[in-house]
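Analysis of the macromolecular model
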Amino acid sequence: MEAVHDDGSPSGSGLRPAAVLVPVVAREQALTVLLTRRTDHLHHHPGQISFPGGRVEATDVSPVMTALRETEEEIGLEPDHIELLGELPEYRTGTGFRITPVVGLVHPPFDLTLDSFEVAEAFEVPLSHFLDPGRHQKHRMEYQGRMREYYAMPYGDYFIWGATAGILVSLYRFLDGAR
């Protein structure tokens, strides 16, 4: 599959590798997606809605390991609760990252322990919200002298946008194509 870009750029050279977990929680009532809100004091993307994840470190043997390590560090979700389902296409950001989204089915019950420095809160959104193409909004903004397009999928008081929304659109496209 081809990489997805939030700014329309085809190049991936010089981008820093990162990985996130797209945690789909198997609730009895319906599937949900577990998201986090970053703390307001962080230098990069303060207050934004995100997936648990981060930069690939030299000791990480794969993007899957990065996603699982970062998830455990950020929200305390242990890997034995996560059934790995696969990877979505690489997502390249205008802020200098190439992100590998790793999709995992999370089996309750589980307890979360948030890293209070990085994560202000964790919350779940019904997967059905993101699978409704009517909720996929396209926005534009100028960033570093260039006009950039990005997706947004507001949910209640949460403005889910940028790479997080773009990865959710990628998940929607994958699932829609599988039907």
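Note that the structure is predicted; figures quoted are calculated from it, not measured.

Reading guide: rules and limits
- Residues numbered from 1 in each chain as written.
- Predicted model: local features only at pLDDT ≥ 70, side-chain atom pairs only at ≥ 80, totals over all residues.
- Heavy atoms only, no water.
- Helix = DSSP H or I, 4+ residues; strand = E, 2+ residues; numbered from the N terminus.
- Buried < 20%, exposed > 50% of the residue type's maximum accessible area, 1.4 Å probe, protein only.
- Contact = heavy atoms within 4.5 Å.
- Areas by Shrake-Rupley, 256 points an atom, 1.4 Å probe, with all protein chains shown as cover.
- Pairing = 2+ DSSP bridges.
- Core = buried A, V, L, I, M, F, W, Y, C linked by side-chain atoms within 4.5 Å.

With that out of the way, let us pick up the overall build of the protein chain. When helices and strands are counted, the protein chain shows three helices and 11 strands. Order of helices (α) and strands (β) in the protein chain, N terminus to C terminus: β-β-β-β-β-α-β-β-β-β-α-β-β-α. Within the span of the protein chain, comprising 179 residues, buried residues form 44% of the whole. Counting only contacts in the protein chain whose residues sit at least 6 apart along the sequence, the fraction spanning at least 24 positions is 61%. For the protein chain, the exposed surface amounts to about 9400 Å²; the carbon and sulfur share of it is 51%.

For the rest of this paragraph, the subject is the pairing of strand E3 (residues 31-38). Counting buried positions along E3 yields six of eight residues, so the element is predominantly enclosed. Bridge count between strand E2 (residues 16-26) and E3: three bridges; the pairing is antiparallel. By the bridge assignment for E3, Ala26 is matched with Leu31. Bridging between E3 and strand E9 (residues 119-126) involves seven bridges; their strand directions are antiparallel. Within the sheet, the bridge partner assigned to Leu34 lies in E9 and is Glu124. In the sheet, E3 pairs with strand E4 (residues 49-50) via two bridges, with the strands oriented antiparallel. Residue Arg37 lies in a different strand from E4, and its bridge partner there is Ile49.

Let's shift gears to the nonpolar core. Core analysis: the largest hydrophobic core is formed by 26 residues, its most contacted members being Leu35, Phe51, Phe130 and Ile167. Of all the secondary structure elements, the ones that give two or more residues to this core are E2, E3, strand E8 (97-106), E9, helix H2 (127-130) and helix H3 (162-178). The element that contributes the greatest number of residues to this core is H3, accounting for five residues. Apart from the residues within four sequence positions on either side, Leu35 is in contact with Ile49, Ser50, Phe51, Glu121, Ala122, Phe123, Val125, Phe130, Ile160 and Thr164. In this structure, Ala19, Ala67, Val106 and Val119 belong to the second largest nonpolar core, which totals 13 residues.

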